[in-house]
Amino acid sequence: MLSRYHPVVAAESSGQLTMLLQRLSLRAGLPPSPRTQRTTIFPRLAKALTQVGLARANSNSFTHRGELRKAKRIVVKLGSAVVTRGDECGLALGRLASVVEQVAMLQNQGREMMIVTSGAVAFGKQRLRHEILLSQSVRQALHSGQNQIKDMSVPVLEARACAAAGQSGLMALYEAMFTQYSTCTAQVLVTNLDFHDDQKRRNLNSTLQELLRMNIVPIINTNDAVVPPPEPNSDLKGVISIKDNDSLAARLAVEMKADLLIALSDVEGLYDSPPGTDDAKLIDIFYPGDQLSITYGTKSRVGIGGMEAKVKAALWALQGGTSVVIANGTHPKVTGHVITDIVEGKKVGTFFSEVKPAGPTVEQQTEMARNSGRTLAALHPEQRGEIICHLANLLVEKKEEILAANKMDMDLAVNAGQLSSALLNRLSLSPGKLNSLAIGLRQIALASQDSVGRVLRRTRVAHNLELEQITVPIGVLLVIFEARPDCLPQVSALAIASGNALLAKGGKEAANTNRILHELTQEALDIHWVKEAVQLVSTREEVEDLCRLDEMIDLIIPRGSSQLVKNIQSAAKGIPVLGHSEGICHVYIDSEAAIDKVIKIVRDSKCDYPAACNAMETLLVHRDILRTPLFDQIIDMLRTEQVKIHAGPRFASNLTFSPSEVKSLRTEYGDLECCMEVVDSMQEAIDHIHRYGSSHTDVIVTENEDTAERFLQQLDSACVFWNVSSRFADGYRFGLGAEVGISTSRIHARGPVGLEGLLTTKWVLRGDGHTAADFSEQGTMEYLHENLPVTQPQPRQIAAQSEE
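Residues numbered from 1 in each chain as written. Predicted model: local features only at pLDDT ≥ 70, side-chain atom pairs only at ≥ 80, totals over all residues. Heavy atoms only, no water.

In terms of nonpolar packing, the biggest core is built from 49 residues, with I387, I388, I402 and L502 touching the most fellow members. The dominant element in this core, judged by the number of residues it contributes, is helix α18 (residues 487-497), at eight residues. When neighbours within four sequence positions are excluded, L502 is seen to be in contact with A369, L477, V479, V491, S492, A495, A533, V534 and Q535. Listed in part, the 38 residues of the second largest apolar core include A263, F286, A313 and F352. (Core = buried A, V, L, I, M, F, W, Y, C linked by side-chain atoms within 4.5 Å. Buried < 20%, exposed > 50% of the residue type's maximum accessible area, 1.4 Å probe, protein only. Helix = DSSP H or I, 4+ residues; strand = E, 2+ residues; numbered from the N terminus. Contact = heavy atoms within 4.5 Å.)

Encoded structure:
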């Protein structure tokens, strides 16, 4: 197809280009007018020139959703329930318009789109009903008077007649809609006989190929005005008969060697039992042979097919080399992007695949983690501590294996050349890092002794009625981290200590390191038979798809770049996200600051680890410090450390030759760069931080205790420090053992989130046959609401009691 447009690239003058456009117009059957060239030919040229990256000869079907982005030739099947209104008389114009928009957009991307549509019968029924009612109204008005009009009734309309009356109107509607996107359409009506006759089948194939070659969207439907009833069992010999539009779409997709068939209906996809039943679960990926394990419900409200027919057609198409997705085309929240989402590889509907992965799906992993996590939460605290200590020992004992796997990841990353030096540092492990990890894990093991089941409050509600509030695990945690493998044992230990199940999704850059660390984690868990409580997601699952598992995951914790956190916060509609999107940390140098402390704190805050979220990004300087020896020493130190300075507006106005002026005062550099700005007072520094900061970590350097205390009290950030480097905002440095992240949220956990942040509470009420009626005006009991002392059971005593 590209050969038709290659002369455009070689055209050396506007005259040559005009002549070429005229020839192309004639080939497409269009008048060679300037308007045609502008609205029709140029989109086609754009399509042709973008098809280089989409070229794919249909051979085998795609094995994973992510590969659907490569689909070049796509068939979109619109079921009757998608096209028609709820009353079955007329078309759902809003849904149809959104489908047309998506198809046109994909067509303009360089894909070859075909539509198999229902709707002629419904459209014809609407027209015929209108004509019949109008005719009856006129006759009755002439013969019986207006008082008889209310008794009019519409006879049952024969489907073939409705199809004959509706085909032209349906096609005219499609043509009008696609015209808005400068896309041409063509109608093709077929019957089952057209596929049984070799000559007709070749003619049909040739027609469709030529339409696609000319960038025209074929709109195909069964010719319901003349179609005979389907012959029973006529598709038992490897050829599917055209009984409905599902089988038509499948047959057409295979005949035309389509890469993808998208079948839209009024259900989300394929369920393991009839939709609407209590235990029905949407099947993400369906494999040949799985049909024996599911049951089918009733067919859709309109149309002649059902889910069983759709599955049969989908499997037939899959066998012919076409990938298939069955999805909902009627849901108002997703209809506008369901087709494009599928083509982009997002987890929508049910994807049919011939290749079954060796491991469990992410849904199965989550289910296993939840079940095993409940057993983990029921263990005694010292048992959970033993698991963590065993993991710490394994990190030291298996040091050589871990470092060998990490070297493989490092070599791959260096050769690829796609990671910055800061990310390479995060990816790298060393014996010192592993020893520090082991020490941190042992701290977590000690802290876990009184975590789960700790009594926070006891109340005597009434006589023999006592209430307790106790700590419990949150449930299933999803932790997503980028190129930082040391995160895996840290969050695993915190999840184990808090009795939570864990689903870990690591960056592909650390795949080898993550794999061995996960194996060691499961080896440690297995000493108390809870091996499945920590799962590593190693499938090609998109982060956005994981964020949709709102019925299975209770909390998402992102560890990585601010962009990663923002993407997750945007994608996670129904799951709370614990974290921060930015680490814009400030250090304020007060007029009464000590020189030696200033230099040490500023250097450490910016230069110790510039990529960390707790590194200084903005240095605020009191105006009185300008043009003093202290200011000169600060500048000299930053220059020595090769820190690039961006001047804030007020700082730049005080200098004759200033550094480059900052583009934004709300910037996280993540490198040896920082912003420097001038303020007139401590209160002005607070106001600046509140306006431009991210509520992460902010520091004051001063010798005035009153000034420092006011700063600490008034500043609303997760971490506020006095004469301390911002790099201390860390779970390990706080003595938490480790952290799952730093939260800038104002509810639940805030700042470095360790063990306590992974717990929630539940209320336990113990009574003796009490009822609410006992406390009514006619009741015999009264509320006491006495606070009782909180006593914690000793872990060893619990273990001894369990042994008895």
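Below, the discussion takes up a negative patch on the surface. On the surface, E397, E523, D526 and E532 cluster together to form a negatively charged patch. When you line up the elements, E532 lands in the loop between α19 (511-525) and β13 (534-536). (Patch = residues over 30% accessible without salt bridge, like charges linked within 9 Å, V, L, I, M, F, W, Y side chains within 5 Å. Areas by Shrake-Rupley, 256 points an atom, 1.4 Å probe, with all protein chains shown as cover. Salt bridge = Lys/Arg side-chain N within 4 Å of Asp/Glu carboxyl O. Lys, Arg positive; Asp, Glu negative; His and termini not counted. Charge placed at Lys NZ, Arg CZ, Asp CG, Glu CD.)

Looking now at the pattern of salt bridges. What the rule picks out here adds up to 30 salt bridges. Across the pair R460 and E786 runs a salt bridge, and its minimum N-O distance is 2.9 Å. Taken together, the positions of R460 in strand β9 (residues 455-462) and E786 in strand β24 (residues 786-788) put the pair 326 residues apart, joining distant regions of the chain. Classification of E786 by relative accessible area gives partly exposed; the value is 34%. In this structure, a network of salt bridges that share partners links the residues R458, R460, E466, E468, R766 and E786.

Time to look at helix α10 (residues 245-255). Counting buried residues in α10 gives nine out of eleven residues, a clear majority hidden from the surface. Taken together, the buried positions of α10 are occupied by N245, D246, S247, L248, A249, A250, R251, L252 and A253. At the exit of α10 stands K257, carrying a positive phi of roughly 55°.

It is worth spelling out the pairing of strand β12 (residues 501-505) at this point. A large share of β12 lies buried, amounting to five of its five residues. Neither face of β12 is open: one carries A501, L503 and K505, the other L502 and A504, and all of them are buried. Sheet topology places strand β11 (residues 476-481) next to β12; five bridges connect them, and they run parallel. If you follow L477 over to β12, its bridge partner there is L502. Examined bridge by bridge, β12 and β13 share three bridges and lie parallel to one another. Note on β13: the bridge partner recorded for L502 is V534. Note that the unit made of β12, α19 and β13 has a crossover that is right-handed. (Pairing = 2+ DSSP bridges. Right-handed = clockwise from strand over helix to strand, strands pointing away.)

On to the packing of helix α14 (residues 381-397) against helix α17 (residues 431-447). At their nearest, the axes of α14 and α17 sit 9 Å apart, and the two run at 170° to each other. As judged from the angle between their axes, α14 and α17 are roughly antiparallel. For the pair α14 and α17, the contacting residues are G385, I388, C389, L391, A392, N393, L395 and V396 in the first and L434, N435, L437, A438, L441, R442, I444 and A445 in the second. Looking at the contact of α14 with α17 residue by residue, the class counts come to twelve nonpolar, three polar and one charged. (Axes fitted to C-alpha atoms, helices over the stretch in contact; angles between N-to-C directions. Parallel < 35°, antiparallel > 145°, perpendicular 65-115°, else oblique. Nonpolar A, V, L, I, M, F, W, Y, C, P; charged D, E, K, R; others polar.)

Looking now at the sheet that holds β9. Across the sheet, four strands lie side by side as β23-β10-β9-β24; this open sheet has antiparallel pairing. A single partner strand is all that each edge strand has here, and the edge strands are β23 (759-766) and β24. Taken over all neighbouring pairs, the strand axes of this sheet differ in orientation by 25° on average, direction set aside. Note that strand β10 (residues 465-473) and β23 share eight bridges and pair antiparallel. Of the residues in β23, the one forming a bridge with L467 is L765.

To continue, consider the side chain of K310. Among the secondary structure elements, K310 is positioned in helix α11 (residues 307-319). Within polar-contact distance, the side chain of K310 engages the side chain of D246 at 3.5 Å. In this structure K310 touches K77, D246, S265 and I326, once residues within four positions along its chain are discounted. (Polar contact = N/O pair within 3.5 Å; in protein donor to acceptor, adjacent residues only side chain to side chain.)

Take the packing of helix α25 (residues 682-692) against helix α26 (residues 705-714) next. Closest axis-to-axis distance for the α25/α26 pair is 10 Å, and the angle between their directions is 25°. The angle between α25 and α26 places the two elements in the roughly parallel class. As for how α25 packs across α26, the hand of that crossing is right-handed. Touching M682, Q683, I686, I689 and H690 of α25 are T707, R710, F711 and Q714, all from α26. (Left-handed = near helix turned anticlockwise from the far one by under 90°.)

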